[in-house]
Structure formats: C-alpha cells, structure tokens
Amino acid sequence: MTRIVIIGGGPGGYEAALVAAQLGAQVTMVEQDGPGGACVLTDCVPSKTLIATSVRKQALLDASSLGVAFSGGEDGDVGAATVDLPLVNKRVKELAQAQSADIATRVAAEGVEIVNARGRLVDPQVVRAGDRTIRADVVLVATGATPRVLPGAEPDGDRILNWRQLYDLDELPEHLIVIGSGVTGAEFAGAYRSLGAEVTLVSSRDRMMPNEDADGAEVLEEVYRRRGMNVMGRSRASSVKRTDDGVVVTLEDGRTAEGSHALMTVGMVPNTGGIGLEEAGVQLDRQGFVKVDKVSRTSAPGVYAAGDCTGVLMLASVAAMQGRIAVWHALGEAVQPLRLATVASNIFTDPEIAAVGVAQRAIEAGQIEANVVKLPLATNARAKMQGFNDGFVKLFCRPNTGIVLGGVVVAPRASELILAVSVAVQQRLTVDQLAHTFAVYPSLSGSITEAARRLMQPEAAI
C-alpha cells in the first residue's frame, strides 16, 4: 500500500487526502491549526461569511428604491438597521470552526489519519510531525501562505490589522483605512462600507484591482464611490503609525490619511521557510514559493506541492485541483495537467466580479484573436425587477469557429452565473451551442445566452 503524507490541511491538502484514500493509499495529513487550514479558519470562509452579512445590510439600504420603507429611521432611511459586530464576528468564527469540523469528519470517514502538529521535511521520504517521524512513499507539501507585512506598518492586532485579526474587533471601525486595492482589499473595503464604517481605500495604482478585468474594476469603483467610499488612486503607503485614538497613514508623496483603524492587504508570502524543503532538494523561487510543474511535481523525487505555497493562482479551487492532480499522478492514475486557462475565479465584492478563460487585456494586446460582446446588466429584465443597475456580461469567442474562449460577469451572485461560461470553456463549446441552450426567463443567466446569440456565426443563424 502506498503511504502518502500531506503537510498542510487546507484545500490543497484535504482534497488530496480524500482522493488518495479513495484510491486505496494510506494517508496521514499533518496540520497544526485544524482541518481546512487557514483557508477555512482565518481567510476565505470567514471573509466570505462577513461579506454575506454586509450584502444583506446593503440590500436593506437599497430597499427603498423597490418601494420598501422601514420605520425608525430619518426620512425613510434604514435607521433601525444596526450592526452588532461582536455577534457578526461570533457567527464568523463559529461557522469557520463548524466547517473545519465537517472537513475533519469527512476525511476521518475515509480513513485519513490527522496529526495535529507542525510538519517539516527531513528528506524526500521522511516527515517530522511534532515528536513523530513518518516515512512516506509520496509527500505533498500544502503549507499555504501568510499575510505580507510591510516594514513600518507592522500589525499590532489593535489598530493596525491584517485580515486575520479583524474578527477580534469589539465594535465597527469608525474609519477604516484599507491599504492595498487588490482583490482582498477591495472585498473588505466594500464589506465594511456596507456595514456602516467610513472607509478610505489606498491604491498604489491608477485604479482598483489592476490585475483584474478593467471594465469590472471600473464598475465596482463607481459603485464604491457612490456609496461614499474614499478611493485614493496612485497613492502608495510608506508607513502606518498609531496615534492616541487611531492611525495615520503616510503616503509616498507626503500626504497623510487619518482613521480609527488600518487594514493591511498587501499580498501574501509562502509558508515555506524552516520546514526543510531546500535541504530535501525542493527548489524555491526568489520569493520563496515552491517551484512545481503542471502535475504538481517539485524538483525532489516523490515530493509534490499544491496551493498558495506554490504561488500558482492563489485560489482555493486551484489549490484543491493541484492536490488532486498530484495524487492522481503519484498513484499512476490518468491525469490532465493543470490548465490555468480554464480556471474560474470570483471577487466577492458587491456586485461580484467573476471571470474564466482569456482576459480582455490579452485580446487588446493582440496575443489572442477573439470576438467580444458586452451586455449591460441594466437591460436584463430580471435585473430591472430586482433593482440591479450595475454590471454586465461579457463573452469572448474565436472569430472563425465560435469556440468560447472566456467571459466576465459583473452581477450579484456572479460566482454562480459564471459556471455556464466555465463549462463552455472547459468543454470547448461554441457560442452557437450556448445560444441554443435554454435559459429561464426572466433570469440573469439569460444575458449569457443572449451574449452568445450576438456572437453566433452567420451560417448557424440562418
């Protein structure tokens, strides 16, 4: 029986453990924080739980446009809708623990041994877990990553925070300054603004989320400004200091911004130091990420890696797929190498921004030839009914064959709507096939089939 040891219990680890156990391997998963790892306990699950609460609050704020009035506020405002942050944070933590417990139950039911310890590689076939030494035929490293710390802006857990420290706050920040306007910064900035905090978002680039779809980022920034957020573009922070009753953020151009709290969202660093990787022959890049190929192999024989520690698209879904691919490959199963072009992603803002396949910037740069159609959400009947005015559906296809290359959806629950486009990309469907697929009327998904109809090949439209 093949012995597999997995260092790390996040999505890359526990999903790999499930596959390995189901294929008959003897599996040990070493995780010091708990099943689910940081993704479930401190990062993805808690943040999306908090965001779900903020979306409900924003829906109350927007209800008057649909003819719903609330008593207790001024001028019909939702004055009675208050946020009990300790209760919100209690729910966030309890839900994370419950999800971790569910994962523990699931992997244990498959016969996976869970060791609550910090794991390190002694050599490619030996793992040290606490006071145990475990021999393995295959090792999977899935140790994740940690919030990056800027010199001069070290989190103190009180006024200067990283996102893992937010859930210990006793009250809503009066004025939250978010440093970093990538995906994480944009998500938390929008959430706390909807919950009622004054928010300033400090971006070092000329727009929010510079690595995401430009049209989607533009829509979101417009929504944020309309909701009263102060978005400071081209404003790189040089330091964050505590004051008597808050923080002061100094920008590189000399300007300052003052608030009650600062949230640092300036990227991640891999958890690869001090666990014996390089000594065991596992190569790291200059930033400390584990180098892997498309089937998750490292440079050390029998050692694989998955998830954020590899720096390959820091998404839970990608980590999970890397872990599964590693196990399939290690156990001799048929396996398809990781195809980043088929990865669907979502930004859990309000509205959400979901994307899959090629990016428009690649089309505009001439790297890929494609036809493009973009439909504003405001023309969709269901969107009108629900009062959704911001967003769009964008679809890309090859000019001659009509094969769907990708798309972007900016809408409430875009994370659910993108699946249709994701299936089309994965299965190499054409816009003609997508256009001939029934969509419910009225529905937001109807905009996807309408976009496909507008891209249909002339021969198929006759």
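Above this text sits the structure in question.
Residues numbered from 1 in each chain as written. Predicted model: local features only at pLDDT ≥ 70, side-chain atom pairs only at ≥ 80, totals over all residues. Heavy atoms only, no water.

**Student:** Account for empty space enclosed by the protein, with residues named and values stated.
**Tutor:** Applying the stated criterion to the full structure yields one cavity of 30 Å³ or more. Space inside the largest cavity adds up to approximately 50 Å³. Every residue along the wall of the largest cavity is listed here: Ile51, Ser54, Val55, Glu187, Gly190, Ala191, Ser194, Tyr224, Arg227, Phe348, Thr349 and Asp350. Looking at the lining of the largest cavity, the elements that each hand over two or more residues are helix 3 (44-62) and helix 5 (183-195). Taken together, the residues of the lining of the largest cavity sort by class into five nonpolar, four polar and three charged. (1 Å grid on protein atoms, 1.4 Å probe; cavity = no way out; pocket = protein on both sides within 12 Å on 5 of 7 lines; lining within 4 Å. Points joined across faces, edges and corners; volume = space filled by probe spheres on them. Helix = DSSP H or I, 4+ residues; strand = E, 2+ residues; numbered from the N terminus. Nonpolar A, V, L, I, M, F, W, Y, C, P; charged D, E, K, R; others polar.)

**Student:** Hey, could you go over the pattern of salt bridges for me, with residue numbers and the actual values?
**Tutor:** The tally for this structure, following the rule as stated, stands at 19 salt bridges. Measuring nitrogen to oxygen at the nearest pair gives 2.8 Å for the salt bridge that ties Asp215 to Lys394. With Asp215 in helix 6 (residues 214-226) and Lys394 in strand 22 (residues 392-397), this pair connects stretches of sequence that are 179 residues apart. A salt bridge links Arg413 to Glu416; its shortest N-O distance comes to 3.6 Å. By the burial criterion, Arg413 is exposed, and Glu416 matches it. Sharing partners across several salt bridges, the network here consists of Asp213, Asp215, Lys374 and Lys394. (Salt bridge = Lys/Arg side-chain N within 4 Å of Asp/Glu carboxyl O. Buried < 20%, exposed > 50% of the residue type's maximum accessible area, 1.4 Å probe, protein only.)

**Student:** I'd like a rundown of the layout of surface pockets, residues and numbers included.
**Tutor:** Here the second largest pocket defines a volume of roughly 1200 Å³. Surrounding the second largest pocket, 36 residues form its lining, Val55, Asp350, Phe388, Pro412 and Arg413 being those nearest its centre. Secondary structure elements with two or more residues in the lining of the second largest pocket: helix 3, helix 6, helix 9 (381-386) and helix 10 (414-426). Broken down by element, the lining of the second largest pocket gets its largest block of residues, nine residues, from helix 3. Considering only residue class, the lining of the second largest pocket consists of 14 nonpolar, ten polar and twelve charged.

**Student:** Explain the sheet that holds strand 1 (residues 3-7) to me, using residue names and the numbers behind them.
**Tutor:** Ordered by their spatial adjacency, five strands build an open sheet running 3-2-1-7-18, and the pairing between neighbours is parallel. The outermost strands of the open sheet, each flanked by one partner alone, are strand 3 (113-115) and strand 18 (303-305). Strand after strand, the sheet turns through a mean of 20 degrees between neighbouring axes, direction not considered. In the sheet, strand 2 (residues 26-30) pairs with strand 3 via three bridges, with the strands oriented parallel. (Pairing = 2+ DSSP bridges. Axes fitted to C-alpha atoms, helices over the stretch in contact; angles between N-to-C directions.)

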